[in-house]
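Geometric and topological summary
Each chain is listed here by its residues.
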Amino acid sequence: MRKDRIAGITSNTVPWEILRAAGYTPLLLEDEAGPTPHADRWMEDVFDRRFRVIFDRLCAGAWNHLDAVVIPRTSEQEHKLYLYLREIARTQPASAIPELYFYNLLHTRTPESYDYGLERTRQMVRDFDASEDELRAAIVESNRARGRVRDILQKRREGRLEGSAALEWIRGFYSEDRGVFADRAPDQLKGMNEQVATHRPHILIKGAPLKDASLHHLVEEAGGYVVAEDDWRGSRAAGDTDVCLNKDPVTAIFEKYFYDEVSPRVHPVVHRDAWYQREIERGHLDGVLFYVPLEDDVLGWDYPAQLAYLASRSIPSVLVRENVREHDPPLAEFVGSLHRK
Amino acid sequence: MAQKQLTSTIAASEGQKAWFASLRERVFETRAPYAIGQADMPFELFQAMEVPMVSNQWWAAVVSAKRLAPYYLDKLNETGFHKGLCRYCSLSMASTVLGDTSQAPWGGLPKPSLLAARLTCDCVQRVFENWAAHFRAELILLDAPAATHLPPRWWEQSRHHWRELFEDHRLQFMVRQFERLIASLERISGRKFDPDRLRALMERVNRQEEYFEEAKLAICEAPKTPVRMQEQITNVMAAQWQRGSEWAVSQAKAFRDEVVSRAAQRIAACPNERLRIMWVGAGLWYDLDFYTAFEESHGAVFVWSMYLAFGPDGYIRYGLDDPLLALASRTVSMNEQLHNPPWANEWILEQARSHRIDAAFVLTPLGTRPSATGTRFVEIALEEVGIPVFSVHADMVDARLWDAEKMRRDASLFLDQVGRR
Ligand code: SF4
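Residues numbered from 1 in each chain as written. Chains lettered and ligands numbered in written order. Predicted model: local features only at pLDDT ≥ 70, side-chain atom pairs only at ≥ 80, totals over all residues. Heavy atoms only, no water.

**Observations regarding the site of the ligand**
Around the ligand, a shell composed of Gln38(B), Cys86(B), Tyr88(B), Cys89(B), Thr120(B), Cys121(B), Cys123(B), Thr368(B), Pro370(B) and Ser371(B) is seen. For the shell around the ligand, the class distribution of residues is six nonpolar, four polar and no charged. (Near = heavy atom within 4 Å. Nonpolar A, V, L, I, M, F, W, Y, C, P; charged D, E, K, R; others polar.)

Quick look at the structure:
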């Protein structure tokens, strides 16, 4: 399998296995510092900084290490990002945007969306010319990395790994070669036997996608222990299941991304909230931190119901509206008020 | 508010009020089913199944025009939904579930049997989920795969070559979703779906939009517009929400007749017309006087909005042997065509040319942020061909964010400059 081409991906629902089988190394496109003149010209402020940076760098030709960019129908911002890039590629021929591919994965859990997504996944396999053997090999590699992510999360649940460190580490699942990521993890995990969470309240972070670990750091500085976050960059990176090896690989890959990945477009709400409610029912949480900044357009609609659910379980919570980066008294007070069960 | 100049405008307003009154009566007295749906839903299916549907956006506009939006939006925020969330699609919900719902216009919306939306964004499903849960009403959501075939000048293909334009896999998927919606409508209404009936309705929709096209051409060609933009909107939208009905077709015809006749007689909506302005975006429903505020001072007349022009370009479908597929092609990209690249910028530029536009007012929705996408592409496309743009950062329904005086001052300064060119 050739692995010398790089495919930029914009989120968790681009089928890593198909790209890998086609000889690409998938790489999550991340935020980076610096001005974004192209985004400032073409994009409204509704776009998250990360999507602005992606648009900007692609228009500028600054990411010429990418051979392709694959965007899924997993959020509206990604849909619009695709349309914007297509239009720039059409109207500004000098922009040298890499080849764009759109993966029309839907997240309404209906029989029609299932059939449609499966067919689109088959089309993607055809478009990328990935063979069945290569797909199986990629599934094995990717599942191995998922296993290591679960090991990392287990260490954290045991109180032996800070939430911020876990979050940083799991980034590698999206930005590194998954085989290398999986190979390296066991040695690193081996040395982590010391309890770091004794008596510290266990906190779940829930809300808008986390840009980095700054919120985790704040909670930790205040004495809290972030035991989980409802975020595809953290606790939900590996999902509940691996890609099944006992069925047609395309169906198995599709089902993994359809049933076991995070997207703001998941419907109905019972599926969208299933992970969150399960975490609460496990009884290991001392508090929940809701992160719903005012720029959020989506999660705020779910917040009142999620809060009510939490209140019905008598679990305290705090609401953070800003992208806080420095000491935040209400947050510190909240963490200080919690007690480890 | 400027006086209505067209008889058809008065008829459109009265027709709509009468329709709503009879809807309420039927729902309350005979428990007849009705639905609330997003503006880009296939109204034709509801029409064909005789389940009346109230457009969510239309109702929000009515609530806003009655200056009730601040009251209901405050209630929404007090319930825990934060102030940054979309208002256009949630105001109707707020007016039916929060605070004193009897204050809502015309007695308010009764409990619907069905709520329905196409997932053009990530938020609307949540609004509708909350709403449906409150009413314990059935909820149908149509998912929205993205278009990847994006040829230029879509409006030249959409009438006859819609099969190719909108991609077979997207059309087939939408038809399957329609089948689920139809099953619901059959259950709710107790009627059986009849494709021939839908086909006949689709043919009438074509006729209706052809009338609108003739009215639009008259506006393009007349030295001064025979009809103000607001009156265009009243006529067009009253008919579009009931498109394909006998009333809607005859309303469109009456409008066409009147506009064409006024154009032939060289009757100008504003004899003082010196600048032809286009309004890009949904309306400012709480301050419709804004659109006539610059006629006297600058001779600036709003002559174009998407509402009339999109009728023919967005709705007409020829070749109705498979009416569900044709209807799918009307539904799969409607929102994106109006607001996002490549569709909106190219089409609006074409509209600006054909309507001899001197300047554009482009709305960037504030309280409806996800709907703001595509506006920069539109602005840049217009500016690149020398059409000056005034960016209006405002919400369509939330008057709390609107400083009417300041906006009039700023717009006047802009028009001063345009006038001097
Ligand atoms: S983004 Fe548009 S469709 Fe979605 S809720 Fe807001 S106004 Fe409605």
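So, next bit.
**So, the packing of aromatic side chains**
The tally for this structure, following the rule as stated, stands at 53 aromatic pairs over all chains. With centroids separated by 6.1 Å and ring planes inclined at 70°, the aromatic side chains of Trp59(B) and Trp106(B) adopt a geometry described as edge-to-face. Here the residue Trp59(B) occupies a position in helix α3 (residues 56-65), and Trp106(B) occupies one in the loop between α5 (91-97) and β3 (114-118), the gap between them amounting to 47 residues. Pairing Phe294(B) with Phe361(B) gives two aromatic rings, centres 6.4 Å apart and planes at 45°, and the pair type is tilted. Linking Phe294(B) in the loop between β5 (275-280) and α12 (295-298) with Phe361(B) in strand β7 (residues 359-365), this pair joins segments that are 67 residues apart in sequence. Overall, the relative accessible area of 2% leaves Phe294(B) in the buried class. Overall, Phe361(B) belongs to the buried group, its relative accessible area being 0%. Counting every residue linked through ring pairs, the aromatic cluster contains Trp279(B), Tyr286(B), Phe290(B), Tyr291(B), Phe294(B), Phe302(B), Phe361(B), Phe390(B), Trp402(B) and Phe414(B). When the ring centre of Phe51(A) is taken as reference, the NZ or CZ atom of Arg50(A) above it lies at 4.8 Å. Against the face of Phe173(A) rests Arg178(A), its NZ or CZ located 3.6 Å from the ring centre. (Phe/Tyr/Trp six-rings, centres within 6.5 Å; stacked < 30°, edge-to-face > 60°. Helix = DSSP H or I, 4+ residues; strand = E, 2+ residues; numbered from the N terminus. Buried < 20%, exposed > 50% of the residue type's maximum accessible area, 1.4 Å probe, protein only. Lys NZ or Arg CZ within 6 Å of the ring centre and 35° of its normal.)

**What to know about the environment of Ala21(B)**
Looking at the element boundaries, Ala21(B) is found in helix α1 (residues 7-30). For the pair Ala21(B) and Gly107(B), spaced 86 residues apart in the sequence, the C-alpha separation amounts to 9.0 Å.

**Let's talk about the confidence of the model for chain B**
Detailed reading of predicted coordinates is not advised where the pLDDT is low. With 100% of its residues at a pLDDT of 70 or more, chain B shows a mean pLDDT of 96. Across the predicted assembly, pTM comes out at 0.97 and ipTM at 0.97. (pLDDT = per-residue confidence, 0-100.)

**Topic: the nonpolar core**
One finds Leu45(B), Phe290(B), Phe361(B) and Leu382(B) to be the most contacted residues of the largest nonpolar core, which totals 184 residues. In this structure, Trp16(A), Phe173(A), Ala237(A) and Phe254(A) belong to the second largest nonpolar core, which totals 49 residues. (Core = buried A, V, L, I, M, F, W, Y, C linked by side-chain atoms within 4.5 Å.)

**Some words on the pattern of salt bridges**
All names here are of chain A. The tally for this structure, following the rule as stated, stands at 71 salt bridges over all chains. Notably, a salt bridge pairs Asp248 with Arg122, separated by 3.4 Å at the nearest N-O pair. In this pair, Asp248 is assigned in the loop between β6 (225-229) and α10 (249-259) and Arg122 in helix α5 (residues 111-128), connecting sequence segments 126 residues apart. By relative accessible area, Arg122 is classed as partly exposed at 31%. For Asp187, the salt bridge identified is with Lys190, shortest N-O distance 3.4 Å. With Asp187 and Lys190 both in helix α8 (residues 178-190) and three residues apart, the pair spans about one turn of that helix. Overall, the relative accessible area of 55% leaves Asp187 in the exposed class. For Lys190, a relative accessible area of 60% corresponds to the exposed category. (Salt bridge = Lys/Arg side-chain N within 4 Å of Asp/Glu carboxyl O.)

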